[in-house]
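One-letter residues, chain by chain:
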Amino acid sequence: MEHDWINPCAGVECYSCMWCDGGLEMCRNCHAFEGATPDECPQKEMDWQMADLVYKGIINFRDGNWYGECAQVMRPVYDLDNYMAEHGYIRDGLNNAGNPKWSKIENGTDSIPVPIHEASVPGSINRNEEQPPT
Ligand SMILES: [Zn+2]
Ligand SMILES: [Zn+2]
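Notes on the structure follow. Quick caveat, the model's predicted, so the values are computed rather than measured.

## Some points on the overall build of the protein
Argument step 1. Of regular secondary structure, the protein possesses four helices and six strands.
Argument step 2. Beginning at the N terminus, the succession of helices and strands in the protein can be written as β-α-β-α-β-β-α-α-β-β.
Argument step 3. Long-range pairs, those at least 24 residues apart, make up 30% of the contacts in the protein with a sequence separation of at least 6.

Below, the structure written as structure tokens:
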């Protein structure tokens, strides 16, 4: 089942919370948001610990079951090399800024996917302050 995305801001758009301001959405059914989003919706509210395990790339829900694997949304963080390889790129040293350089391999796709750096994923900063409003 797919997630059912809503703006959970008390049902009203205030334009001053992280949901309205950041354009974030949360799943109505499992409360997934951002990196704590399994591939498919478990249709049941995840508690904080489960959401955290999804966020850390440890568990994922698909095909009606939980698996000990990284959800697609977090693969650019936890499974970056495989993720890039599937898009036709391999790691090729570092650029001047010290970030990984990626070289296209044969049969690679035309456009390079932009890897998400962990620090740029909202929710990695302080989960305690970023809990969805209840
Ligand atoms: Zn709001
Ligand atoms: Zn969901």
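Having seen the model, we can carry on.
## Comments concerning the environment of V77
Argument step 1. Relative to the helices and strands, V77 is located in helix α3 (residues 75–78).
Argument step 2. You can call V77 buried: it has 21 C-beta atoms within 10 Å.
Argument step 3. As for V77 and Y55, which are separated by 22 residues in sequence, their C-alpha atoms are 10.0 Å apart.

## A few points about the pairing of strand β5 (residues 89–94)
For a regular strand, side chains alternate in direction, first toward one face of the sheet and then toward the other.
Argument step 1. The sheet contact formed by β5 and strand β6 (residues 100–104) spans four bridges and is antiparallel. Residue pairing in the sheet places Y89 in a bridge with K104 of β6.
Argument step 2. Between β5 and β6, which pair antiparallel one after the other, the connecting turn spans five residues, and G98 there sits at a positive phi close to 85°.

## Some remarks on helix α2 (residues 48–55)
Argument step 1. Within the sequence span of α2, burial applies to M50, A51, V54 and Y55. All buried residues of α2 lie within an arc of 140° about the axis, which places them on one face of the element. For α2, exposure combined with an orientation more than 90 degrees from the buried face picks out W48 and Q49.
Argument step 2. Residues of α2 that are buried make contact with β3 (60–62).
Argument step 3. G57, located one to two residues past α2, shows a positive phi value of around 75°.

## A look at the nonpolar core
Buried together is how nonpolar side chains tend to be arranged in soluble globular proteins.
Argument step 1. If you look at the biggest cluster of nonpolar residues, it comprises 16 residues, and the most contacted ones within it are A32, A36, A51, V54 and M74.
Argument step 2. Contributing elements (two or more residues each) for this core: β2 (26–27) and α2.
Argument step 3. For this core, the element with the most residues is α2, which contributes four residues.
Argument step 4. With near-sequence residues (within four places) excluded, V54 lies in contact with A36, T37, P38, I59, N60 and A71.

The rules behind these values
- Residues numbered from 1 in each chain as written.
- Chains lettered and ligands numbered in written order.
- Predicted model: local features only at pLDDT ≥ 70, side-chain atom pairs only at ≥ 80, totals over all residues.
- Helix = DSSP H or I, 4+ residues; strand = E, 2+ residues; numbered from the N terminus.
- Contact = placed C-beta atoms within 7 Å.
- Buried ≥ 20, exposed ≤ 12 C-beta atoms within 10 Å, placed from the backbone.
- Pairing = 2+ DSSP bridges.
- Arc of directions from axis to C-beta.
- Core = buried A, V, L, I, M, F, W, Y, C linked by C-beta atoms within 7 Å.

Everything listed is a geometric property; what it means functionally is a separate question.
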